[in-house]
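Okay, here's what each chain looks like letter by letter:
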Amino acid sequence: MQKHNSFTNKLKKQLLTINTFIESYFDKFNNIKFKSIKISLSKSNKVVLVIGIPVILALSYLTIPTFFNENLIQSSIKNQIQKKYNIKIKFNESINYRIFPKPHFVSNNLSLIGKESEIGLVKDFKIYISNSKFFSFNNFEIKNLIFNKTDFEIYRDDFLFFYNLLKTEPNENKVVFKNSNLFFKDDKDEVLFINKIFNNTYYYDSQNLQNVLEAKNEIFNIPFKLIVKNDKFNKKTFINFDSNKIRLDIENVINYDNDVKDGELDLVFINKNISFSYEIKKNSFTFSSKEQKNNYDGVIDFKPFYLSANFNYEGLSSKNLFNNDSIIIDIIKSEIFNNKNLNASINLIVKDVTNIVELNNLILKVGIDEGNFNFSDSSILWKDDLKIIINDGLLSFDGDEINLIGKFTFEFIDINNFYRYFQLPKNYRKKIEKIELDFVYNFNKKYIKFDNPKIDNKNDTKLEEFITSFNSGKNKILNKITFKNFVNDFFIAYSG
């Protein structure tokens, strides 16, 4: 009470001083007279008067908060933030008042508190205030909150902090997080991933009656935009995810009226539209497509994380899969799976490779084990004559370059048709059941090297000399022409 009276007395003295100054100013012009001359008020003095008085009044008005007690300000701000946004904060340093560009308070190294402990440290905190109630401390009103340069350390349960921001009561204010980092940790206190926050803005859309998040973030070196809209009345959440880098666009609707959350998801994957229906349970996420020709299904277990999925295509171009600018290569380069806590088993089955008429029945098996990619036991058919199998296929990362290392096994179904297709002279046609070749394929430079050739489990000196010559030459980039020449030269070398 004494502090409040002290503030009131200071305020009264300041206003009394301003009032006395103004009255004195006018009295001088009304009462001062000189015997010999009469001085009239000039136009310039009138301008000074008109401009000066409002400026003095405005500055005095805006500096009123500097007379508030700092502890009372902090207490009021903390209470209002918790009441409006369910955010608990702790001031670690003093709070300061700023006039420009709008009246606001600032503080450094502010703590954000989760359920039991600190979840974030804000290096630069700004809170804007209403300038309509400066004279009534009891009605001190907060407006926009700016959390700049925040380092979050988040565990799974701490995501409630962000979820609650999408449930706040209707208001005209914004909560902004920018230039920040979110470190997501597991139960062993190890960092699973880092999410860079460029600008995340929470606000209430009064026209559509929705809580909204507009986010610009980056995760696993993949920048993305995210829009989340929460309709509390209908118990639905609308999500839009967009990343140009991996050419992925997701639209999602979640119905959370029941214990088991369900919804529908539309996305663009490998330049094709995909629609899923899904269910979210406590420890798992299941999904399946509604399409007949191109269908998908899978399960994600959350603890520990494991993805098991099957993708079936009637037709797909090889350019979408293995070209240097394909979505799969973009995902691999992004290092999104370069995490020892991520494991997956993915089967991609393609009936027809549309841009290479001879290839069909692709079975691409992708195993991800602690960030390591394994393509073993993948296979594809060349017409109906040859089955090509990848054994021990692993991805290797050397700087920015990506190499696929493994062994090709060629199992002939009808070798005579194969010979006829490549127009191999009859004197070079031998009965062969299986060919094995070690290989290294460079995705960046698009060239391939071979090693250790075997035919029907036997080495051949002439073939080894041919492979050595091929690797040292300039035609290691395989297209239709060079591949045909390689096949002919391979069988000629073996038969020679």
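Scope of this entry: the structure provided in the associated data block. Everything numeric in this text was worked out from a predicted model, so none of it was measured.

### Some remarks on the overall build of the protein
On a plain count of helices and strands, the protein comes out with nine helices and 26 strands. By the burial criterion, 41% of the 496 residues in the protein qualify as buried. Put simply, of all contacts in the protein between residues at least 6 apart along the chain, 45% involve residues at least 24 apart. Accessible area for the protein stands at about 28,900 Å²; split by element, carbon and sulfur atoms hold 51% of it.

### Overview of the packing of aromatic side chains
Per the counting criterion, the structure on display carries 40 aromatic pairs. Centroid distance F285 to F287: 6.1 Å. Interplanar angle 40°. Geometry classified as tilted. When the ring of F412 is compared with that of F418, the centres are 5.3 Å apart and the planes differ by 70°; the resulting orientation is edge-to-face. Here F412 matches F418 in class, with each residue buried. Above the ring of Y128, the side-chain terminus of K102 is found at 5.3 Å from the ring centroid. Positioned over the ring face of Y494 is K430, at 5.1 Å from the centre of the ring.

### Let's talk about the environment of N211
As for its placement among the helices and strands, N211 is situated in strand 9 (residues 210–219). In the structure, N211 is positioned 44 residues away from K167 in sequence and 6.5 Å away in space, judged by C-alpha atoms. Not counting chain neighbours up to four residues away, the residues in contact with N211 comprise L165, L166, K167, T168, Y203, Y204, V228, K229, N230 and K232. Polar contacts involving the side chain of N211 include one to the main-chain carbonyl oxygen of T168, which spans 3.1 Å.

### Some points on helix 9 (residues 480–495)
Three- or four-residue spacings in an α-helix give side chains the same orientation, since the helix completes a turn every 3.6 residues. Taking 1.5 Å per residue, 16 residues should reach 22 Å; helix 9 reaches 23 Å between its end C-alpha atoms and fits that length. Within helix 9, the full set of buried residues consists of T482, F486, V487, N488, F490, F491, A493 and S495. Those residues of helix 9 hidden inside the fold are in contact with strand 23 (401–412), helix 7 (415–422), strand 24 (434–442), strand 25 (447–455) and helix 8 (461–472).

### A word on the packing of helix 8 against helix 9
Remark: helix 8 packs on helix 9, axes separated minimally by 8 Å, with the N-to-C direction vectors making an angle of 150°. As helix 8 runs across helix 9, the sense of the crossing is right-handed. For the pair helix 8 and helix 9, the contacting residues are K462, L463, F466, I467 and F470 in the first and F486, D489, F490, A493 and Y494 in the second. Tallied by class, residues from the contact of helix 8 with helix 9 come to eight nonpolar, no polar and two charged.

Reading the values: the criteria
- Residues numbered from 1 in each chain as written.
- Predicted model: local features only at pLDDT ≥ 70, side-chain atom pairs only at ≥ 80, totals over all residues.
- Heavy atoms only, no water.
- Helix = DSSP H or I, 4+ residues; strand = E, 2+ residues; numbered from the N terminus.
- Buried < 20%, exposed > 50% of the residue type's maximum accessible area, 1.4 Å probe, protein only.
- Contact = heavy atoms within 4.5 Å.
- Areas by Shrake-Rupley, 256 points an atom, 1.4 Å probe, with all protein chains shown as cover.
- Phe/Tyr/Trp six-rings, centres within 6.5 Å; stacked < 30°, edge-to-face > 60°.
- Lys NZ or Arg CZ within 6 Å of the ring centre and 35° of its normal.
- Polar contact = N/O pair within 3.5 Å; in protein donor to acceptor, adjacent residues only side chain to side chain.
- Expected span 1.5 Å × (residues − 1).
- Axes fitted to C-alpha atoms, helices over the stretch in contact; angles between N-to-C directions.
- Left-handed = near helix turned anticlockwise from the far one by under 90°.
- Nonpolar A, V, L, I, M, F, W, Y, C, P; charged D, E, K, R; others polar.

No statement about biological role is implied by the geometric values presented.
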